[in-house]
Amino acid sequence: MDWTHYRFRARWSLPAPPAVVYPFLERAEDYPSWWPQVREVERIDDTTGVIRIRASLPYALTFTAREVRRDPAAGVLEIAMTGDLVGWARWTLTADGPGTLARYDQEVDLNRPLLRRFAVPGRPVFRVNHALMMRAGRRGLLAHLAAV
């Protein structure tokens, strides 16, 4: 088993239809306004940006995100990631009654040397850290959707 490899999945039930939710998720540069752990998004060009995140643990991760797929009709947003994390992440939005089921899938390898050193003992902590970040992101997006 490669202890530095992670697969994450989250499902967010949201009260707005996919056509309303999708624009919020496609504007990564706005994430810091509603997702507290996304500290900074610096656009490089129309499809690439540098993202800095910091969740509950006392370290920040920085990676370059490059858009791989943007398909509003299919409800899909996907990025490739390089930097402290190497891999990909994807949002898939589907109608769920009057609302949206937002599914987040991510597959990454830790590329930051310090995190790689702590890969085995830190694995459960890293997974909890990610879960807390995703929970906060959902709360932030719910509040943001309610305000519009």
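Residues numbered from 1 in each chain as written. Predicted model: local features only at pLDDT ≥ 70, side-chain atom pairs only at ≥ 80, totals over all residues. Heavy atoms only, no water.

(A) The packing of aromatic side chains, seen in detail. In the structure shown here, the tally under the stated rule is nine aromatic pairs. A ring pair is formed by Tyr6 and Phe126, whose centres lie 6.5 Å apart and whose planes are at 55°; its orientation type is tilted. Of this pair, Tyr6 sits in strand S1 (residues 5-14) while Phe126 sits in helix H4 (residues 119-147), and the two are 120 residues apart along the sequence. By relative accessible area, Phe126 is classed as buried at 12%. By the ring-pair criterion, three or more aromatic residues cluster together here, those being Trp12, Tyr31, Trp34, Trp35, Trp91 and Tyr104. (Phe/Tyr/Trp six-rings, centres within 6.5 Å; stacked < 30°, edge-to-face > 60°. Helix = DSSP H or I, 4+ residues; strand = E, 2+ residues; numbered from the N terminus. Buried < 20%, exposed > 50% of the residue type's maximum accessible area, 1.4 Å probe, protein only.)

(B) How the structure looks around a nonpolar patch on the surface. On the surface, Met1, Trp3 and Val120 cluster together to form a nonpolar patch covering roughly 350 Å² of accessible area. Its place among the elements puts Met1 in the segment before S1. (Patch = residues over 30% accessible without salt bridge, like charges linked within 9 Å, V, L, I, M, F, W, Y side chains within 5 Å. Areas by Shrake-Rupley, 256 points an atom, 1.4 Å probe, with all protein chains shown as cover. Salt bridge = Lys/Arg side-chain N within 4 Å of Asp/Glu carboxyl O.)

(C) Main features of the sheet that holds strand S6 (residues 85-96). A sheet is described by the order of its strands in space; here seven strands give the open sequence S1-S7-S6-S5-S4-S3-S2, paired in antiparallel fashion. Each of the sheet's edge strands pairs with one partner strand only, and the pair in question is S1 and strand S2 (38-43). Strand after strand, the sheet turns through a mean of 20° between neighbouring axes, direction not considered. Two elements, strand S4 (residues 61-71) and strand S5 (residues 76-83), share eight bridges in a ladder whose sense is antiparallel. (Pairing = 2+ DSSP bridges. Axes fitted to C-alpha atoms, helices over the stretch in contact; angles between N-to-C directions.)

(D) Representation of helix H1 (residues 18-26) within the structure. Turning to H1, its buried residues number three or more, namely Val21, Tyr22, Phe24 and Leu25. The arc that holds the buried residues of H1, viewed along the axis, is 165°, so those residues lie on one side. (Arc of directions from axis to C-beta.)

(E) Up close: the side chain of Gln106. Residue placement: Gln106 occurs in strand S7 (residues 99-110). At 3.4 Å, the side chain of Gln106 and the side chain of Tyr104 are in polar contact. Here the side chain of Gln106 touches His130 through a polar contact of 3.0 Å, side chain to side chain. Once you skip the residues sitting within four places of it in the chain, Gln106 turns out to touch Tyr6, Arg7, Phe8, Met81, Leu85, Trp88, Ala89 and His130. (Polar contact = N/O pair within 3.5 Å; in protein donor to acceptor, adjacent residues only side chain to side chain. Contact = heavy atoms within 4.5 Å.)

(F) Examining the pairing of S1 more closely. Taking every second residue as pointing to the same face, the buried face of S1 carries Tyr6, Phe8, Ala10, Trp12 and Leu14, while none of His5, Arg7, Arg9, Arg11 and Ser13 on the other face is buried. Where S1 lies against S7, ten bridges are found, and the strand directions are antiparallel. Within the sheet, the bridge partner assigned to Ser13 lies in S7 and is Leu101.

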